[in-house]
Amino acid sequence: MAKKTYDLLFKLLLIGDSGVGKTCLLFRFSDDAFNTTFISTIGIDFKIKTVELGGKKIKLQIWDTAGQERFHTITTSYYRGSMGIMLVYDITNIKTFDNISKWLRNIDEHANEDVEKMILGNKCDMDDKRQVPTARGEAIAREHNIPFLETSAKANINVEKAFMNLAQAILNKTPGRVSEPNINIGTQDTSARRCC
Amino acid sequence: MAGYQQRLKCFEDLLEADVIDLKALRNLCFISGCPHEKSIRSICWKIFLNYIPLEKRKWNDVLQKQRNLYKQYIEEIIILPGKKMKSKESANGELEDHPLNPNPDSEWRETFRDNEMLLQIDKDCRRLCPDLSFFQQATEYPCEVLINSSSSVENLRKRVEQCVLQSETVAKNRLGITLNVVSKKRTHSDEYSVLPDGKEAHWEVVERILFLYAKLNPGLNYVQGMNEILGPIYYTFATDPDQNYREHAEADSFFCFTCLMSEIRDFFIKTLDDSQFGIGSKMNQLMEMLKELDRPLWQRLQDQELRPQFYAFRWITLLLSQEFQLPDVLRIWDSLFADSHRFEFLIYICCAILISVRQDILKNDFPSNMKLVQRVESEIDLRQVLAKARELSST
Ligand SMILES: Nc1nc2c(ncn2[C@@H]2O[C@H](COP(=O)(O)OP(=O)(O)O)[C@@H](O)[C@H]2O)c(=O)[nH]1
Ligand SMILES: [Mg+2]
């Protein structure tokens, strides 16, 4: 019989306007690389990464969504199953920050009430083009009682930390919860091996 | 390759006729795909998409007329408003209106909406087919009126720059920083170097076509993914061996894209998702077909809750253009366009793809299967899949 390769499974979701760097953040986290040339995400994308937290092996199943209004019906259907949501804006584009409240409303409408959230101000490597002061990001996060970080997928700043903090927050309120025993019957899970 | 020469000859014979035998041409193209040589693919696509008629003697007139019409669109939608913007700018130094103005006039509101749309198109076109250098290269046939540096028109490139500058200004104003700080010229990020004045990259041509299309179809606007539909058409026409076709690639692509969109536009409209023609019903159709043809595979997907929204949404909306390398996409589209029920065949291809990876799906867990269906290219042999799809569709 195949041995169990993880203890917990967390489902995370990335949302935010298109172009803020969601796909790059996820790629940085899952493959530790930066690629400037991502095609636009249509519908939904998917990555897996297994991490260790508090002595437990946690499999993170991360959904990356398209930002444009057109895709909301198909993307909001993932809100419900998510245990953590990463809300991303671009510090060099004030509009993407103004839309954070819209995304928060979306979460209220479609996600579980106890979903863990996190706000990320991405592209903090481009300080010369900054349009959103760090203090404003902190303020809105404080107002909604959500953790906040500025990140850069390009310069690899705070990316790992962001995902790990979100996972930790979920872990904190799932004491002793164990994953279903029948998961991972696949014997040749090459993808999981590649990621860990 | 005798077989290839023979096939080429078949195409040439069919295209030589005064009135094209549509059925025979479709049949040939459906089964074997179009050669790129001798403009065969670009002509076939123009015929299949109803851009040019079957009577060959009418081609010149039709093409001439449509290309002139396109010039007119550019004039009305880009040049005239561009001149106005330019003159406003020089009269006031800065645009007096901006998005935070509480009482914007309606013209401004429209301009502002257009700018938002343009910025979205711009983002998506810059990253069109990033693995391929083609779209970053300069076109031989730029739109002269627009790119001439002494021109009195604000072209789309300048408009994008202007928008970005303006939003920086607005942002800095909010921060209480004085205006003159930001008047420095925006430097472009190194990833996407912009060509010098007087030259245009192919992606900029694609951007212009999409902008015009969106302006002419206000009910639809621009939806992400349209760039992926236009890309292969424009590529085919802009790399045509015939110089005359290449020269008019922009106008011809615009109309062929418009024709194609008229058939698939419902996939791009959110409110139609659950209607008879929307993407939802196509995904259902795929699942029904799979259930019929391969019950255990269908059951497996059901059990894992691996829904078609996770992968087939993109497959169908983009006609598989994001799933394969461009040459393979062109080959798939040969068959799609040649099929008289073309988007029925798309569903057969999707079904054939799933069936061709059935062993893996039956064996793997959900995450592995998700990865598999999101990146099928490396797992399948396209020729076999197309053969399978033809077999399924003919029974
Ligand atoms: N400078 C910088 N650029 C970034 C960063 N993250 C993403 N980008 C760029 O922003 C653009 C959009 O990124 P993408 O991940 O596709 O955005 P998405 O639409 O939110 O998925 C791309 O051109 C990236 O190269 C970052 O941290 N710093
Ligand atoms: Mg993306």
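Only a predicted model underlies this, so the values are computations on that prediction, with no experimental measurement involved. (Residues numbered from 1 in each chain as written. Chains lettered and ligands numbered in written order. Predicted model: local features only at pLDDT ≥ 70, side-chain atom pairs only at ≥ 80, totals over all residues. Heavy atoms only, no water.)

Student: How should I be thinking about the overall build of chain B in this particular structure?
Tutor: Along the backbone of chain B there are 19 helices and 0 strands. Across the 395 residues that make up chain B, the buried fraction comes to 53%. As displayed, chain B has an accessible area near 17,900 Å², and 49% of this comes from carbon and sulfur atoms. (Helix = DSSP H or I, 4+ residues; strand = E, 2+ residues; numbered from the N terminus. Buried < 20%, exposed > 50% of the residue type's maximum accessible area, 1.4 Å probe, protein only. Areas by Shrake-Rupley, 256 points an atom, 1.4 Å probe, with all protein chains shown as cover.)

Student: Hey, could you run me through the interface of chain B and chain A in this one?
Tutor: The accessible area lost on association of the parts is a frequent measure of interface size. In this assembly, 45 residues from chain B lie in contact with 41 residues from chain A. When chain B packs against chain A, the two sides together hide about 3,800 Å² of surface, and 52% of this comes from carbon and sulfur. Of all residues in chain B, Gln224(B), Lys270(B) and Lys371(B) give up the largest surface area on contact with chain A, accounting jointly for 16% of the area buried on that side. Connecting chain B to chain A are 3 salt bridges. With a shortest N-O distance of 3.6 Å, Lys95(A) and Glu116(B) are connected by a salt bridge. Where the side of chain B that touches chain A is concerned, the elements lending two or more residues are helix H5 (106–126), helix H7 (156–175), helix H9 (226–238), helix H14 (312–317) and helix H18 (366–374) of chain B. For the side of chain B that touches chain A, the element with the most residues is H7(B), which contributes 7 residues. The residue makeup of the side of chain B that touches chain A, split by class, is 17 nonpolar, 10 polar and 18 charged. (Contact = heavy atoms within 4.5 Å. Buried area = accessible area lost by both parts, 1.4 Å probe. Salt bridge = Lys/Arg side-chain N within 4 Å of Asp/Glu carboxyl O. Nonpolar A, V, L, I, M, F, W, Y, C, P; charged D, E, K, R; others polar.)

Student: Could you clarify how one ought to interpret the pairing of strand S4 (residues 84–90) of chain A in this entry?
Tutor: The side chains of a regular strand alternate, first on one face of the sheet and then on the other. All names here are of chain A. The buried fraction of S4 is high, at 7 of 7 residues. The alternating pattern of S4 places Gly84, Met86, Val88 and Asp90 and Ile85, Leu87 and Tyr89 on opposite faces, both of which are buried. With 7 bridges connecting them, S4 and strand S5 (residues 116–122) associate as parallel partners. The residue of S5 that forms the bridge with aspartate 90 is asparagine 122. (Pairing = 2+ DSSP bridges.)

Student: Sorry if this is basic, but what is going on with the coordination of the magnesium ion (ligand 2) here?
Tutor: Residues and elements named next belong to chain A. The magnesium ion (ligand 2) binds to the protein through Thr23 (OG1) and Thr41 (OG1), with metal-donor distances spanning 2.1 Å. Taken together, the residues span a long stretch of sequence, with threonine 23 in helix H1 (residues 22–31) and threonine 41 in the loop between H1 and strand S2 (44–53) at a distance of 18 residues. Accessibility expressed as a relative area gives 12% for threonine 41, which makes it buried. (Donors = N, O, S within 2.8 Å, 3.2 Å for Na, K, Ca; no water.)

Student: Can you walk me through the environment of Ala33(A) in this structure?
Tutor: Residues and elements named next belong to chain A. Among the secondary structure elements, alanine 33 is positioned in the loop between H1 and S2. The spacing of alanine 33 and asparagine 156 is 123 residues in sequence and 8.5 Å in space, taken between C-alpha atoms. If we skip the residues at most four places from it in the chain, alanine 33 touches Phe27 and Arg28.

Student: I tried to follow the site of ligand 1 on my own but got confused; where do I start?
Tutor: The local shell around ligand 1 holds 20 residues, among which Gly19(A), Thr23(A), Asp125(A), Ala153(A) and Arg127(B) are the closest. Site remark: ligand 1 is flanked by residues from chains A and B. A distance of 2.9 Å separates an oxygen atom of ligand 1 from a polar backbone atom of Cys24(A). Note that an oxygen atom of ligand 1 is positioned 2.8 Å from one of the backbone N or O atoms of Ala153(A). Contact with the protein chains removes 93% of the 580 Å² of surface that ligand 1 exposes when unbound. Among the elements that make up the shell around ligand 1, the one with the highest residue count is H1(A) (3 residues). Among the residues forming the shell around ligand 1, the class breakdown is 7 nonpolar, 7 polar and 6 charged. (Near = heavy atom within 4 Å. Polar contact = N/O pair within 3.5 Å; in protein donor to acceptor, adjacent residues only side chain to side chain.)

Student: Would you explain the pattern of salt bridges in this entry?
Tutor: Two side chains of opposite charge can pair, provided their charged atoms sit close to one another. In the structure shown here, the tally under the stated rule is 28 salt bridges over all chains. Among the salt bridges present, the one from Glu150(A) reaches Arg130(A), with a minimum N-O distance of 2.9 Å. Here the residue Glu150(A) occupies a position in strand S6 (residues 148–150), and Arg130(A) occupies one in the loop between S5 and helix H5 (134–144), the gap between them amounting to 20 residues. In this structure, Glu323(B) engages Arg314(B) in a salt bridge whose closest nitrogen and oxygen atoms are separated by 2.8 Å.

Student: Would you mind showing me how to read the sheet that holds strand S3 (residues 56–65) of chain A here?
Tutor: In a beta sheet, neighbouring strands pair by backbone hydrogen bonds and run either parallel or antiparallel. In spatial order, the strands read S2-S3-S1-S4-S5-S6 (chain A); together these 6 strands make up an open sheet with mixed pairing. Bordering the open sheet on either side are S2 and S6 of chain A, each of which pairs with just one other strand. Strand after strand, the sheet turns through a mean of 25° between neighbouring axes, direction not considered. Sheet topology places strand S1 (residues 8–15) of chain A next to S4(A); 4 bridges connect them, and they run parallel. Bridge pairing links Leu12(A) to Gly84(A) in S4(A). Lying over the sheet, helix H4 (residues 100–110) of chain A contacts S1, S4 and S5 of chain A, oriented at roughly 165° with respect to S4(A). Packing of H18(B) onto the sheet brings it into contact with S2 and S3 of chain A, and relative to S2(A) it is tilted by some 145°. (Axes fitted to C-alpha atoms, helices over the stretch in contact; angles between N-to-C directions.)

Student: Is there a simple way to explain the domain arrangement of chain B in this structure?
Tutor: All names here are of chain B. With domains assigned, chain B is organised as domain 1 (1–57), domain 2 (59–89 + 107–264) and domain 3 (270–394). Summarising the inter-unit geometry, the C-alpha centres of domain 1 and domain 3 are found 27 Å apart. Each partner contributes to the interface: domain 1 provides 12 residues, whereas domain 3 provides 12 residues. Across the domain 1/domain 3 interface, buried area totals approximately 1,100 Å², and carbon plus sulfur atoms make up 62% of it. On the domain 1 side of the interface with domain 3, the three residues burying the most area are Arg26, Phe30 and Trp45, jointly 52% of the side's total. Run the count over domain 1 and domain 3 and you get 1 salt bridge. When the shortest N-O distance is used, the salt bridge between arginine 41 and aspartate 334 registers 2.6 Å. Here domain 1 and domain 3 share 7 residue pairs in polar contact (both at pLDDT 80 or more) between them. When contributions to the side of domain 1 that touches domain 3 are tallied by element, the ones reaching two or more residues are helix H2 (22–32) and helix H3 (40–48). (Domains from an automatic or database assignment.)

Student: Would you mind showing me how to read the side chain of Asn106(A) here?
Tutor: Looking at the secondary structure, you find Asn106(A) in helix H4. Those residues in contact with Asn106(A) that sit more than four places away from it in its chain are His72(A), Tyr79(A) and Ala111(A).

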